[in-house]
Amino acid sequence: MSVRWETEGLQTVGIVCLVIMFLKLMHLLGLIDITETDDSSDSDLELSTVRHQPEGLDQLQAQTKFTRKELQSLYRGFKNECPSGLVDEETFKSIYSQFFPQGDATTYAHFLFNAFDMDRNGSIRFEDFVIGLSVLLRGSVTEKLNWAFNLYDINKDGYITKEEMLAIMKSIYDMMGRYTYPCVRDEAPSEHVDKFFQKMDRNRDGVVTIEEFIETCQKDENIMNSMQLFENVI
Amino acid sequence: MAAGVATWLPFARAAAVGWLPLAKKTMPKPPVDNSSRSDEILYLNVSGVRFQTWKNTLDRYPDTLLGSSEKEFFFNEDTEEYFFDRDHEMFRHILNFYRTGKLHYPRHECIQAFDEELAFYGIVPEIIGDCCMEEYRDRKKENQERLAEDTEANESMDAPLPPDSTPRERLWRAFENPHTSTMALVFYYVTGFFIAVSVIANVVETVPCRPPEGRVKDLPCGEKYQLAFFCMDTACVLIFTFEYLMRLFAAPSRCKFMRSVMSVIDVVAIMPYYIGLVMPENEDVSGAFVTLRVFRVFRIFKFSRHSQGLRILGYTLKSCASELGFLLFSLTMAIIIFATVMFYAEKGTKGSTFTSIPASFWYTIVTMTTLGYGDMVPNTIAGKIFGSICSLSGVLVIALPVPVIVSNFSRIYHQNQRADKRRAQQKVRLARIRMAKKGTTNAFLQYKEDRGLRGRDSDSTALCVKNRSAFEHQHHHLLHCLEKTTNHEFTDEMTYSELCMTESVGFRTSRSTSLSSQQGAQNNPTGCCPRRARRRAAMRLANSTASVSRGSVQELDTLHIKTTSIPPQTRSSLNAQADNLKLNCGEQDFTAAIISIPTPPANTPDESLPPSPAPIPGILRNTRATAFTHETVKISSL
């Protein structure tokens, strides 16, 4: 009897060992993942972030309409936020969202980022920043309208389609958040877009070109009057 | 090139005169250096502390801020120095880097602050000298781990669900985080209970019970109440199977889920039952059946979902795997050695229990772990000597890896405690952030009211207008522009819920205004966006409530009306009444009138005014409409 129990016991031990080895094998083969938490491996320090130096003060003075002192103060603020000299999209989105606490400003920040990032390399340098600001604050009316057109034209093909405009409009309405009066209905952005297209699209071809845009805006007294709105921002 | 080399360059160039006689071709022209030769002292003012250094020192590293033309952005023409608004204590180290070529890391500084300074001055951290590099790396790794934990806790499961989550996602969240919903909590406790029941049943099954009639021997309870235990086992397995299938269904990545440890434990816990069902009850395979019964005890590991301590223990053991492996290996070596020695020492004795070397293994293990059962005892002197050496060395071998395991456990345990503390602090932090956001919104609403007050009654406005910084003014102007763009206004949560209630119910107004507003409400079947007809109701409302609210609870109604023609006299009447109102700057309670905003009253109508098509050109022209505004008229009625 004891022999039988002993053999059974040995059998049990043997089977347990087999199962454990099987699990280990599966883990080795990668079929099972026994590691639950990721152990931070002793990897080397990641390479320091890319650093960018801006062009000289004199060159920037020539390219923009800012004075030397203004450029200096702009750079100091810029450098404080982004010591590496480059703003990537995530940082830009988080900075911009802080100004609109009620809503979700990330989509609009994305469009804005693309409008500033002129060479489309995924980051804004100080030069892009300052040149964009120069156009917006000190540029002529045509230049400002050009910039706005560039903002709306998401794929930068020279035409604003209804879909692009709808995307921009939705992102603007997103920034308002939920708690608005009157409550933002779902059709509000598309109605707004329809009105916009009615006004802008002269030849009813479904797209707004830069000429139509500039022409319509120049005829609109309201828009022209408010172009000087942000002159003294800096 | 290193800094020191630059100093020797003129010497190397001068020594090139030695090549001149041997040269095959004529020498190239030397580069013309137009920059002024004379070295000058630069003044660097770092938050008040003036540093001076040669220009050449800074020029050694032209790809940093101080070495390049980037420092011109910080040049102050009035004082003829470079002004940096940074920490001057750390600037010392930065400047020393230029002077000596070696960057040192001050140990008492916070690693992140130091990193930020380096990033600002454009210095790459890899240049840190060997003397300080190790410390820097250690601190940096510690900081990164802490940040990783932070982000992990941030994107944690306590965050509220996105409103548009599928039932599957919600189910998964309920499983992963039981305290998010009561159903999940109930399920969590039920499964825990059943695990306990199952384990206890397994244990009690083997306890001997009083034998039934006609038998003499004691029977284990498992065989006496076989049916009862079988039913209990079935119930538990059913629950576990159901839970496993639910988890499998809800998992966002089924493959990953199936490979995780908990899933394996779940499978191992329920498989024996099903295999037992399938297998026939004959003698040949009963041995394997016994083994399967053993596996049922693995159900106790399912508790690790319920207990964090168990998880910590498991993780500790896993992370100390190398130490444990070393322990095991050295123990095995020692066991084999001592067992062999003891066997040969005791071989001659008659009746010795040391029948073979594997039999001596048992003695060695028991002795080395200082258990000392006494079932096997050496009799010869040599055996006793070797036995004592065995027990002494056992203590040493086992004591060695233990501190490593203990320190690992302590580190992981503290990490977990920190994570728990952080989760608790997170709630406070989120609440504070929400308050700050609400504060911004309230400040903005206040700003809108004050804008209306401006130009009204300057005395009272002076009392009310809080001291607001230029930044706040500009920020509020920005928010205002956004409002004009979309033709919607910002409100706060309370008002919004009020509005949405009134929107669904229709417009109930208080006091004598019900009739007029109801008329208006009936004309507008859709939404809370007011239409043309309600304007008239609003005017009547304005007239009536103005008289009512004088001196009493002040209601503020604000209406937005799309482009319409507005009888001019309304505005003047409004203006007249607005003047009479007592200005109240604090928060106000509001009743569920048509629309109320709990802010001081009297928002003047000269806010957003309709452009071209409005038939009230002179009065309602808005000089500040933004480019994208719609034709809107905002009239506040009181």
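This report concerns the structure included in the present document. (Residues numbered from 1 in each chain as written. Chains lettered and ligands numbered in written order. Predicted model: local features only at pLDDT ≥ 70, side-chain atom pairs only at ≥ 80, totals over all residues. Heavy atoms only, no water.)

Now for the overall build of chain B. From N to C terminus, chain B includes 23 helices and 9 strands. Looking at chain B as a whole, 40% of its 638 residues are labelled buried. A separation threshold of at least 6 residues defines the contact pool for chain B, and within that pool the share at least 24 residues apart is 67%. Summed over its atoms, the accessible surface of chain B is roughly 36,200 Å², and 62% of this surface lies on carbon and sulfur atoms. (Helix = DSSP H or I, 4+ residues; strand = E, 2+ residues; numbered from the N terminus. Buried < 20%, exposed > 50% of the residue type's maximum accessible area, 1.4 Å probe, protein only. Contact = heavy atoms within 4.5 Å. Areas by Shrake-Rupley, 256 points an atom, 1.4 Å probe, with all protein chains shown as cover.)

Before going further, it helps to spend a moment on the pattern of salt bridges. In the structure shown here, the tally under the stated rule is 27 salt bridges over all chains. Taking the shortest distance from any N to any O, the salt bridge between Asp128(A) and Arg125(A) comes out at 3.3 Å. Across the salt bridge formed by Glu117(B) and Arg86(B), the nearest N and O atoms sit 3.3 Å from each other. Within this pair, whereas Glu117(B) is found in helix H4 (residues 111-121), its partner Arg86(B) is found in the loop between strand S4 (81-84) and helix H3 (88-100), the two being separated by 31 residues in sequence. Glu117(B) sits in the buried class, given a relative accessible area of 7%. On the basis of relative accessible area, Arg86(B) is assigned to the buried category, the value being 15%. One network of salt bridges, with partners in common, ties together Glu243(B), Arg247(B), Asp266(B), Lys302(B) and Arg305(B). (Salt bridge = Lys/Arg side-chain N within 4 Å of Asp/Glu carboxyl O.)

Residue and element names in this part refer to chain B. The strand order across the open sheet built from 4 strands is S2-S1-S4-S3, with neighbouring strands paired in mixed fashion. One side of each edge strand has no neighbouring strand; the edge strands of this open sheet are strand S2 (49-54) and strand S3 (75-76). Here strand S1 (residues 41-46) pairs with S2 via 6 bridges, running antiparallel. Paired with Leu 44 across the bridge in S2 is Phe 51. In this fold H3 packs onto S1 and S2, with an angle of close to 5° to the strand it touches most, S2. (Pairing = 2+ DSSP bridges. Axes fitted to C-alpha atoms, helices over the stretch in contact; angles between N-to-C directions.)

Any functional reading would require information beyond the geometric quantities listed.
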